[in-house]
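What follows is the residue order along each chain.
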Amino acid sequence: MNPNLDRQPVHQWALHHLSNADLHCHSRVSDGTLQPEELAARAKANGVELWALTDHDEVGGQQRALEAAQAQGLAYLTGVEISVSFAGRVVHIVGLGFDHHNEALIQGLRATRGGREPRAREMAAGLAAVGIPGAFEGALQYVGNPELISRTHFARFLVEAGHCSDISEVFRRFLTEGKPGYVEHRWAGLGDAVRWLREAGGMAVIAHPARYGFTPTEEYALFTEFIAHGGRGVEVVTGSHTAAEAAKYTETALEFGLLASRGSDFHSPDESRIDLGRLDALSGRLQPIWLELADRVHPPQ
Ligand code: AMP
Ligand code: MN
Ligand code: MN
Ligand code: MN
């Protein structure tokens with residue numbers, strides 16, 4: 001089946017006048033708390049015009065999100081957020097505008113999800129050793145997709161069970177490097193993730209670069225290797241960046257000739273600092289990635 005056949009010609013829909021694109025958020029298909037349909041309605045209510053659902057390492061929610069976007073009169077780009085290992089850290093690569101039926105992409109993502117359950121059992125063992133029993137079963141209660149048990153689900157359990165007062169305290173005390181519930185994991189390679197996305201007709205974007213804590217040298221290596229693999233964009237305005245960080249990565253995007261993306265990284269009405277669509281604009285000096293993805297946008301019906 002060719003997913004392009006039922007598309008309206010793109011000129012009917014004014015990408016150039018678009019002011020509110022939100023190209024990063026999560027549903028219950030990964031570690032968000034809302035269903036794709038609920039996110040589409042919330043995006044619409046918050047004034048989003050072009051939306052992408054970017055669940056972690058999984059495209060199983062894309063068809064629902066696309067249909068929900070069309071029911072709401074939203075333009076839609078397919079999306080995913082892939083966890084990759086780079087220089088001993090985890091880096092997130094957002095993919096946009098790919099064919100969500102592409103077999104190589106689906107298989108690659110399935111392989112990267114494969115290690116999550118044993119990792120989660122090890123995390124639970126680490127927590128049990130410091131007096132927090134039952135964390136695996138506890139986290140599972142919050143999981144929408146059993147293949148995608150993540151630190152976020154453990155964090156929700158630890159808050160609910162009264163071990164911490166909020167999610168960020170859980171990460172600080174238990175779920176980050178050197179802490180009892182942290183287990184390193186081997187994710188996809190940077191080059192693999194970028195290639196899967198390109199070969200499925202989409203573009204790869206470095207997600208929230210300020211979050212990684214890289215030295216300038218490591219960050220330079222990340223950007224140059226990403227571009228060498230055919231990566232095209234960087235998130236500049238995101239719920240994970242301060243205004244100063246957005247200003248910094250505006251310069252980085254220009255320096256490396258990367259397209260710019262914008263996305264809230266919304267996970268939950270109770271947890272997320274930035275709601276869907278409630279973001280600053282990209283600097284007018286930047287080239288928005290959606291203009292380069294015009295032929296991949298599903299226009300509103
Ligand atoms: P995992 O893929 O299992 O390593 O979990 C990563 C997820 O944890 C991210 O996608 C975020 O949703 C969440 N996360 C990571 N660090 C933090 C933090 N400091 N505070 C809140 N959530 C976090
Ligand atoms: Mn997440
Ligand atoms: Mn991320
Ligand atoms: Mn995210």
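Let me begin by describing the structure that accompanies this report. Everything quoted here is computed from the prediction, not taken from an experiment. Sequence positions are assigned chain by chain, starting from 1 and proceeding in written order. As a convention, the first chain written is A and the first ligand written is 1, with the rest following in written order. Totals for whole chains, interfaces and linings use all residues, but because this is a predicted model, local features are given only for residues with pLDDT of at least 70 and pairs of side-chain atoms are given and counted only at 80 or more. Excluded from the side-chain calculations are hydrogens and water; all other atoms, namely the structure's heavy atoms, are used.

For the rest of this paragraph, the subject is the pattern of salt bridges. Any Lys or Arg side-chain nitrogen found within 4 Å of a carboxyl oxygen on Asp or Glu counts as a salt bridge. This model, assessed by the stated rule, comprises eleven salt bridges. A network of salt bridges, in which partner residues are shared, links Glu58, Arg113 and Glu147.

Moving on, we get to the environment of Cys25. Only DSSP runs of H or I reaching four residues or more are called helices, and only runs of E reaching two or more are called strands; each is numbered from the N terminus. As for its position among the elements, Cys25 is in the loop between strand E1 (21-22) and helix H1 (36-45). Three labels apply to residues, based on accessible area from a 1.4 Å probe with only protein chains included: buried if under 20% of the type maximum, exposed if over 50%, partly exposed otherwise in between. Residue class for Cys25 comes out buried when judged on its relative accessible area of 0%. The spacing of Cys25 and His153 is 128 residues in sequence and 16 Å in space, taken between C-alpha atoms. Among residues more than four places away in sequence, those in contact with Cys25 are Leu39, Trp51, Ala52, Leu53, Thr54, Asp55, Ser264, Asp265, Phe266 and Leu276. The contact definition used throughout considers only heavy atoms, calling two residues in contact when any of these lie within 4.5 Å.

Throughout, nonpolar core names a set of buried Ala, Val, Leu, Ile, Met, Phe, Trp, Tyr and Cys residues whose side chains join them through atoms within 4.5 Å. The biggest cluster of nonpolar side chains holds 55 residues, and the ones touching the most others in it are Leu23, Leu50, Ile93, Val236, Ile289 and Trp290. At five residues, the largest contribution of residues to this core is made by helix H8 (residues 190-199). Among all residues touching Ile289, those that are not within four sequence positions of it are Leu23, Leu96, Met203, Val205, Gly233, Leu259, Ala260 and Ser261. Ranked by size, the runner-up nonpolar core spans 19 residues in total, among them Phe136, Val143, Ile149 and Phe157.

The coordination sphere of the manganese ion (ligand 2), as far as protein atoms go, consists of Asp31 (OD), His56 (NE2) and His267 (NE2), spread over 2.2 Å. Metal coordination here is assigned from N, O and S atoms located within 2.8 Å of the ion, or within 3.2 Å for Na, K and Ca; omission of water means that sites may look incomplete. The two metals, the manganese ion (ligand 2) and the manganese ion (ligand 3), are separated by 5.7 Å. Of this pair, His56 sits in the loop between strand E2 (50-51) and helix H2 (62-72) while His267 sits in the loop between strand E9 (259-263) and helix H11 (289-292), placing them 211 residues apart in sequence. Both residues of the pair, His56 and His267, count as buried.

Moving on, we come to the site of ligand 1. Only a single heavy atom is needed: when it lies within 4 Å of a molecule or strand, its residue is near that molecule or strand. With respect to spatial proximity, the complete set of residues near ligand 1 consists of Asp31, His56, Arg116, Arg119, Ser150, Arg151, Thr152, Ile167, Phe171 and His267. Under the rule applied, a polar contact is a pair of N or O atoms within 3.5 Å (in protein, one hydrogen donor and one hydrogen acceptor; residues adjacent in sequence only if both atoms are side-chain atoms). Interatomic distance of 2.9 Å between a side-chain N/O atom of Arg151 and an oxygen atom of ligand 1. His267 is positioned such that a nitrogen or oxygen atom in its side chain is 2.9 Å from an oxygen atom of ligand 1. Cavities and pockets are found on a 1 Å grid laid over the protein atoms alone: a cavity is a set of points where a 1.4 Å probe fits but cannot escape, a pocket is an open set with protein on both sides within 12 Å along at least five of seven lines, and a lining residue has an atom within 4 Å of such a point. Criterion for pocket placement: a molecule counts as inside a cavity or pocket if more than half of its atoms are within 2 Å of its grid points. For ligand 1, the cavity whose grid points lie within 2 Å of the majority of its atoms is the largest pocket. Think of it as three bins: nonpolar holds Ala, Val, Leu, Ile, Met, Phe, Trp, Tyr, Cys and Pro, charged holds Asp, Glu, Lys and Arg, and polar takes everything else, Gly as well. For the shell around ligand 1, the residue count by class is two nonpolar, four polar and four charged.

This paragraph deals with the sheet that holds strand E3 (residues 75-76). Pairing in this open sheet of three strands is parallel, and the strands run E1-E2-E3 from one edge to the other. Bordering the open sheet on either side are E1 and E3, each of which pairs with just one other strand. Direction of pairing for E2 relative to E3: parallel, over a ladder of two bridges. When the sheet's bridge partners are listed, Leu50 is paired in E3 with Ala75. Note: two strands are recorded as paired if DSSP finds a minimum of 2 bridges between them.

Among the secondary structure elements, Asn102 is positioned in the loop between strand E5 (89-96) and helix H3 (103-113). Of note is the side chain of Asn102, whose polar atom sits 2.9 Å from the backbone nitrogen of Leu105. Once residues within four sequence positions are removed from consideration, Asn102 is found in contact with Glu199 and Ala200.

Moving on, we get to unusual backbone geometry. Its identity is not glycine, yet His208 carries a phi of approximately 20°, on the positive side. With respect to the element layout, His208 can be found in the loop between strand E7 (203-206) and helix H9 (216-228). Residue His208 is classed as buried on the basis of its relative accessible area of 1%. Of note, Asp265 is a non-glycine position whose phi angle comes to about 60°, a positive value. Checked against the element boundaries, Asp265 lands in the loop between E9 and H11. Classification of Asp265 by relative accessible area gives buried; the value is 10%.

The next subject is the packing of aromatic side chains. What counts as a ring pair is set by centres within 6.5 Å for rings of Phe, Tyr and Trp (its six-membered ring), and what kind of pair is set by the plane angle: stacked under 30 degrees, edge-to-face over 60, tilted for all other angles. Under the definition given, this model contains five aromatic pairs. Centroid distance Phe86 to Phe214: 6.2 Å. Interplanar angle 75°. Geometry classified as edge-to-face. Separated by 128 residues along the polypeptide, Phe86 in strand E4 (residues 79-86) and Phe214 in the loop between E7 and H9 bring together distant segments of the chain. Judged by its relative accessible area of 13%, Phe214 falls in the buried class. With a centroid separation of 5.8 Å and 50° between ring planes, the pair formed by Tyr220 and Phe256 is classed as tilted. Of this pair, Tyr220 sits in helix H9 while Phe256 sits in helix H10 (residues 243-256), and the two are 36 residues apart along the sequence.

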